[in-house]
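Structural description and commentary
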Amino acid sequence: MAAGVMIDQVRAVVFDLGGVFLEGGPSDVKAFGPKHGLAPERWDAIREELFLTGDLWGQVERAELSLERFGRELQSRMAVHGVTVTLEDALNFMGTPDRDDRSRLRQEIVAACLALRARMPTALLTNNIREWRDGWRRRLPIERLFDVVVDSSEVGCRKPEPRIYGLVEQQLGLRGEDLLFVDDIGINLKAAKARGWQTVKYDDTQKVLAVLQSVADRHPPRRATDGRG
């Protein structure tokens, strides 16, 4: 057992994208308001409204609302507190996920995922948005890394909604207890645990790599007929 994971039970590994393969994400969001001169407590209140209680960002991730509409709403919320930001800055509140900046891609996680896929199915489960899809797909060797990709903006549901976890299970053809999930957001991991998934929180790169290596070490290479692309 590594970091609470029952290694022998794992038959596939599911990865988050932002915060796991890509640096930034939540940390960029938390820093956005103060970076533009808004007091941290006021920005915390806006973040709560946009991302949790109001579900506005959830609508973007389910492709129910455009990124531009969200950006204009963010501008409006900032302006109430006397802070002006450009639409471009508002749209890049989470960094710039579609830019060609290889330094934000964690190459060690890419390597670990490739090693795992030589031994078992791997999947990507990402809360993402339609406008960023082409950008992040250009940055990752998707076909080499994953058997299954479930993108919230393509399927119309998002973590931590139960339906999106069910889609991963269905597409992998496995039960929840067969899966190990790596994500950096606690609420997403909690929802996965409720379905029987094993989980690892991405809060330390070396810890996560050690768990993934332990999983890889305990499983034989996949046969050519196992469906790797």
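Residues numbered from 1 in each chain as written. Predicted model: local features only at pLDDT ≥ 70, side-chain atom pairs only at ≥ 80, totals over all residues. Heavy atoms only, no water.

All chains considered together, the criterion is met by 23 salt bridges. One salt bridge in this structure joins glutamate 161 and arginine 62, with 2.6 Å as the shortest N-O distance. Taken together, the positions of glutamate 161 in the loop between α9 (152-155) and α10 (162-172) and arginine 62 in the loop between α3 (56-61) and α4 (67-80) put the pair 99 residues apart, joining distant regions of the chain. For glutamate 161, a relative accessible area of 26% translates into the label partly exposed. Close ionic contact of arginine 175 with glutamate 177 constitutes a salt bridge, the shortest N to O distance being 3.4 Å. Overlapping salt bridges, with partners in common, bring together Asp55, Glu61, Arg62, Glu64, Arg158 and Glu161 in one network. (Salt bridge = Lys/Arg side-chain N within 4 Å of Asp/Glu carboxyl O. Helix = DSSP H or I, 4+ residues; strand = E, 2+ residues; numbered from the N terminus. Buried < 20%, exposed > 50% of the residue type's maximum accessible area, 1.4 Å probe, protein only.)

Taking strand neighbours across the sheet as the criterion, the five strands line up as β3-β2-β1-β4-β5 in an open arrangement whose pairing is parallel. The open sheet has two free edges, formed respectively by β3 (148-151) and β5 (198-201), since each of these has just one partner strand. Neighbouring strand axes in the sheet, compared pairwise and without regard to direction, differ in orientation by 20° on average. Across four bridges, the pairing between strand β1 (residues 12-15) and strand β4 (residues 179-183) is parallel. Residue valine 14 lies in a different strand from β4, and its bridge partner there is phenylalanine 181. Across the face of the sheet, helix α6 (residues 107-117) comes into contact with β1 and β2 (122-126) while running at roughly 155° to β1. (Pairing = 2+ DSSP bridges. Axes fitted to C-alpha atoms, helices over the stretch in contact; angles between N-to-C directions. Contact = heavy atoms within 4.5 Å.)

Looking at the element boundaries, methionine 78 is found in helix α4. Given a relative accessible area of 0%, methionine 78 falls into the buried group. Each C-alpha atom of the pair methionine 78 and leucine 38 lies 7.7 Å from the other, and the pair is 40 residues apart in sequence. Apart from residues no more than four positions distant in its own chain, methionine 78 is found in contact with Phe32, Gly33, His36, Leu38, Trp43, Ile46, Val83 and Val85.

As a further point, take the layout of surface pockets. Its boundaries defined by the atoms lining it, the largest pocket holds a volume of some 900 Å³. Around the largest pocket sit 35 residues that line it, and Pro26, Trp57, Glu61, Met94 and Ile185 are the ones nearest its centre. The set of elements that each furnish at least two residues to the lining of the largest pocket consists of α1 (26-35), α2 (40-53), α3, α7 (133-139) and α11 (186-194). Broken down by element, the lining of the largest pocket gets its largest block of residues, five residues, from α2. When its residues are assigned to classes, the lining of the largest pocket shows 15 nonpolar, seven polar and 13 charged. (1 Å grid on protein atoms, 1.4 Å probe; cavity = no way out; pocket = protein on both sides within 12 Å on 5 of 7 lines; lining within 4 Å. Points joined across faces, edges and corners; volume = space filled by probe spheres on them. Nonpolar A, V, L, I, M, F, W, Y, C, P; charged D, E, K, R; others polar.)

Attention now moves to the packing of aromatic side chains. What characterises a pair of aromatic rings is the spacing of the ring centres plus the angle enclosed by the ring planes. Across all of its chains, the model carries 13 aromatic pairs by this definition. Taken together, Phe51, Trp57, Phe70, Phe93 and Trp132 form an aromatic cluster joined through their ring pairs. (Phe/Tyr/Trp six-rings, centres within 6.5 Å; stacked < 30°, edge-to-face > 60°.)

Here we come to the nonpolar core. If you look at the biggest cluster of nonpolar residues, it comprises 55 residues, and the most contacted ones within it are Val13, Phe15, Phe21, Trp57 and Leu74. The element contributing the most residues to this core is helix α12 (residues 205-217), with six residues. Ignoring anything within four residues of it in the chain, the contact list for phenylalanine 21 reads Phe15, Asp16, Arg104, Leu105, Arg106, Ile109, Val110, Cys113, Leu124, Leu140, Leu145 and Phe146. (Core = buried A, V, L, I, M, F, W, Y, C linked by side-chain atoms within 4.5 Å.)

An α-helix turns once every 3.6 residues. As a result, residues three or four positions apart point the same way. Turning to α10, its buried residues number three or more, namely Ile164, Tyr165, Leu167, Val168, Glu169 and Leu172. Close packing links the buried residues of α10 with β1, β2, β3, α9, β4 and α11. Directly after α10, the chain includes glycine 173, whose backbone phi takes a positive value near 70°.

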